[in-house]
Every structure is written in C-alpha cells, then in structure tokens.
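# Fold and contact review
In case you want the letters, here they are:
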Amino acid sequence: MTNMLFGKNLVSIDDISLQNLNLIFTRTEEMKKLVKEKGGDSRLKGKILAALFFEPSTRTFSSFISAMQRLGGGIIPLNGMTNTSIEKGESFEHTVKVFSTYADCLVIRHPQVGLPKKSCLYSTVPVINAGDGIGEHPSQAIYDTYTIFKHFPHKKELIVSLVGDLKNGRTVHSLAKLLAKTNRKIHFNFISPKILKMPEEIKRNVALYHHKIDETDKLSEKVGMSDVLYVTRVQKERFTKLIEYEMVKSYYQVDSQILKNAKKELIIMHPLPIAAGEINTELDTDPRSIYLTSQLQNGLYVRMALLDLILRKESNG
Ligand code: NCD
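It should be emphasised that the depicted structure is a prediction, and the values quoted were computed from it without experimental measurement.

## What to know about unusual backbone geometry
- Put simply, Leu272 and Pro273 share a cis peptide bond, and its omega is 5 degrees.
- Following the sequence through the fold, Pro273 ends up in the loop between β9 (267-269) and α10 (294-311).
- Of note in the backbone geometry, His210 takes a positive phi value of approximately 60 degrees without being a glycine.
- As for its position among the elements, Leu272 is in the loop between β9 and α10.
- A relative accessible area of 14% means that Leu272 is categorised as buried.

## Observations regarding helix α2 (residues 59-70)
- Taking 1.5 Å of rise per residue, the 12 residues of α2 would be expected to cover 16 Å, and the 16 Å separating its terminal C-alpha atoms lies within 8% of that figure.
- Taken residue by residue, α2 has Thr60, Phe61, Ser63, Phe64, Ile65, Ala67 and Met68 as its buried positions.
- Lining the buried residues of α2 we find β1 (48-53), β2 (74-79), β3 (105-110), β4 (127-132), α5 (138-151) and α10.

## Focus: the nonpolar core
- By size, the foremost hydrophobic cluster in this structure holds 63 residues, and its most contacted members are Ile142, Ile148, Leu162 and Leu307.
- If one sorts the elements of this core by residue count, α10 sits on top with 10 residues.
- Both domain 1 (13-136 + 296-311) and domain 2 (138-291) contribute no fewer than three residues apiece to this core.
- Excluding anything up to four places from it in sequence, Ile142 contacts Leu10, Ile16, Leu21, Ile24, Phe25, Leu178, Val302 and Leu306.
- Among the nonpolar cores identified, the runner-up in size contains 16 residues, and Val163, Leu229, Tyr252 and Ile268 belong to it.

## Remarks on the packing of helix α6 (residues 170-181) against helix α7 (residues 200-207)
- One can describe the packing of α6 onto α7 by two numbers: an axis separation of 8 Å at closest approach and a directional angle of 15 degrees. For the element pair α6 / α7, the angle class is roughly parallel. Between α6 and α7 lies a crossing whose hand is left-handed. Residues His173, Ala176, Lys177 and Ala180 of α6 form the contact with α7, whose own contacting residues are Ile202, Asn205 and Val206.
- Looking at side-chain class alone, the contact of α6 with α7 contains 4 nonpolar, 2 polar and 1 charged residues.

## Notes on the packing of α2 against α10
- One way to put it is that α2 packs onto α10 with a least axis distance of 8 Å and a crossing angle of 55 degrees. As the angle between them shows, α2 and α10 are arranged oblique. The crossing of α2 and α10 is right-handed. Residues Arg59, Thr60, Ser63, Phe64, Ser66, Ala67, Met68 and Arg70 of α2 form the contact with α10, whose participating residues are Leu296, Leu300, Arg303, Met304, Leu307 and Leu311.

## Let's talk about the sheet that holds β2
- Here we have 4 strands laid out as an open sheet, ordered β2-β1-β3-β4, and parallel in their pairing. Only two strands of the sheet have a single neighbouring strand rather than two, namely β2 and β4. The average angle at which neighbouring strand axes cross in this sheet is 10 degrees, direction not considered.
- With 5 bridges joining them, β1 and β3 adopt parallel strand pairing. For Leu52, the partnering residue across the bridge sits in β3 and is Ile108.
- Strands β1, β2, β3 and β4 of the sheet are contacted by α2, whose axis makes an angle of about 170 degrees with β2.
- Where helix α4 (residues 115-122) meets the sheet, its contacts fall on β3 and β4, and the angle it forms with β4 comes to roughly 155 degrees.

So, how was this worked out
- Residues numbered from 1 in each chain as written.
- Predicted model: local features only at pLDDT ≥ 70, side-chain atom pairs only at ≥ 80, totals over all residues.
- Heavy atoms only, no water.
- Helix = DSSP H or I, 4+ residues; strand = E, 2+ residues; numbered from the N terminus.
- Buried < 20%, exposed > 50% of the residue type's maximum accessible area, 1.4 Å probe, protein only.
- Expected span 1.5 Å × (residues − 1).
- Contact = heavy atoms within 4.5 Å.
- Core = buried A, V, L, I, M, F, W, Y, C linked by side-chain atoms within 4.5 Å.
- Domains from an automatic or database assignment.
- Axes fitted to C-alpha atoms, helices over the stretch in contact; angles between N-to-C directions.
- Parallel < 35°, antiparallel > 145°, perpendicular 65-115°, else oblique.
- Left-handed = near helix turned anticlockwise from the far one by under 90°.
- Nonpolar A, V, L, I, M, F, W, Y, C, P; charged D, E, K, R; others polar.
- Pairing = 2+ DSSP bridges.

Here is the structure:
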C-alpha cells in the first residue's frame, strides 16, 4: 500500500482517510510485535522529533518521546516553555521556524484552538497536533479507535457512550469524528451535564455519516446498553468561573454500583488523567477497565506507527 502519510501533517481527524487509518492500524500491529520482541529498532536513526508542549502533559509527551526513541530517532523535548526564548517574548511563528530548522517533525500541544494548524504555515516539516485547547487530539482518537476495534473485532454495530465534559474535551471531539468515519455502525450516547454538551459542529460532523445519536445527562439510563463507556475529566482549566467547575466536576462517578446492569463485554476507557473521581479507583482492577492497560499501551504503538509513516517514505515495515 502506498504510504500517503509520508511528509503529511496530522492536525485534525479531517486529515485522516479510512485508507490511511487502515495503514496506521496495520503498522501499529507491527510496532506492537516489534516492541514485544525487540523493544524497537533503528529505522528512524538520523531523524529528530521536537516535542513542543505549551500545556501540561504526562502521557502524550512521554509516549511520543518513547515512540521516537524506540525507533532510534533523536528528540528535542520541551515540556513547558520556561527557559526558552518564548519567555523573552519570541513569537510563535519564529519558534516554529526555529524548531522546524532543527527537527524533522514537530509535535505541538497548545491551549489555543487551531495553533498546530496555523504552525503548518510556518513549518517546513510535518506537524502533529498533540492537543489544541478545546479543539482536537487526533493521535489520541486514533489509538482509542484502534483499541475499541481490537476489543470488538467482529461487531459491526457498536454502542459507544461518551461521558463527562463533551464541550471542552478534545479527546471526545476527535474520537466522535473518527469513529463516525469508519465502516462500523455506531450508536453514540453523548452523556454530559447540560452545560457541557457536545458542540453542534461535532454532532453535525457525526450526523453526516448517518449514525444514531442520543443525548442525555443521565448516565444510568445508558450504561446497560453500552459496549464502550468512554469517561472523561471535567476540564477545569477551560472554566472561567471556578464555582461552575465545582458544580459539575463530580457529576458522574462511575463505580461498581452503576455498572450492575452493564454488559460483561463492556470496556471502560478514559484518556487520563482521572482527576475528580469520575471513575472510582475500585474499578482500576476490574477486568472491564482498560484505561491503565491496553488503551495506554496502544498509545505507544500507534504513535510509533504514526512517526514511522510520517517520517519514512518506504511503505513496508
Ligand atoms: C487528555 C488531553 O490532554 O486532552 N489527556 C491526554 O492527552 N491523554 C485528556 C485530559 O487532559 O483530560
């Protein structure tokens, strides 16, 4: 298969075709095997990744770094911009130009929606969006989708319940958009407090593909039918009034009690971090919980696949 991702930006799910998604998934399988058997190899030797994180990150930052290093590449890791020229007032445009001179790929996280997309105008190397404010988080959505499909390889129709801060959560924006484009039939449950509903734009995008969408604030009504329960953190940093955050931060608390009518095959996902008890720690070791196991592991394999495909023209592993 031709590698259509070579040299390309990944700033939104709009950049991903179904064909490219299949290519990424195939390469992800190879990466999983590679890590398990040998830890990695040196196919990206001589390439450098700059990870420019203008917002806090644990997993996304370190999994991209790990992915690059497992494939033999070098890294410029900037997590937070203290001690850089940004503190001296350097513009975003200049910062991007500087790093695209030194690196072969930029992974950018920024609080402002659209900044990674804008940086493509200044960058001479591919840009990956690692989260832009309340916008998108495409690499997360790719591994979440991969994880869901691996758990349900044969189920043509899936009931996916997205729970929590659907207004501000970039992971659920990208995930809804990506799942909608796949060849599975999805019944979406968008479950949130009224002030945190899924944006109209995302709903319109999903509706283009004729999937069923139910919207509610009542989690208990939807748990029993769900195949996937994707729980999210209420995004405190996006609230202008702390009092409003306090009112909704613990709106949902998934625990074994609420799961009593859940399907045996249910999978419970979360992009992490769990911040306000939205999933009770008693579920961390429940076999249905995969946020600390396969979901997390797949993040590394998918990011290895993405870097390999974006940075190396050859289509074969
Ligand atoms: C998410 C993010 O940054 O959007 N974290 C992550 O990348 N796994 C989710 C969150 O912070 O709530």
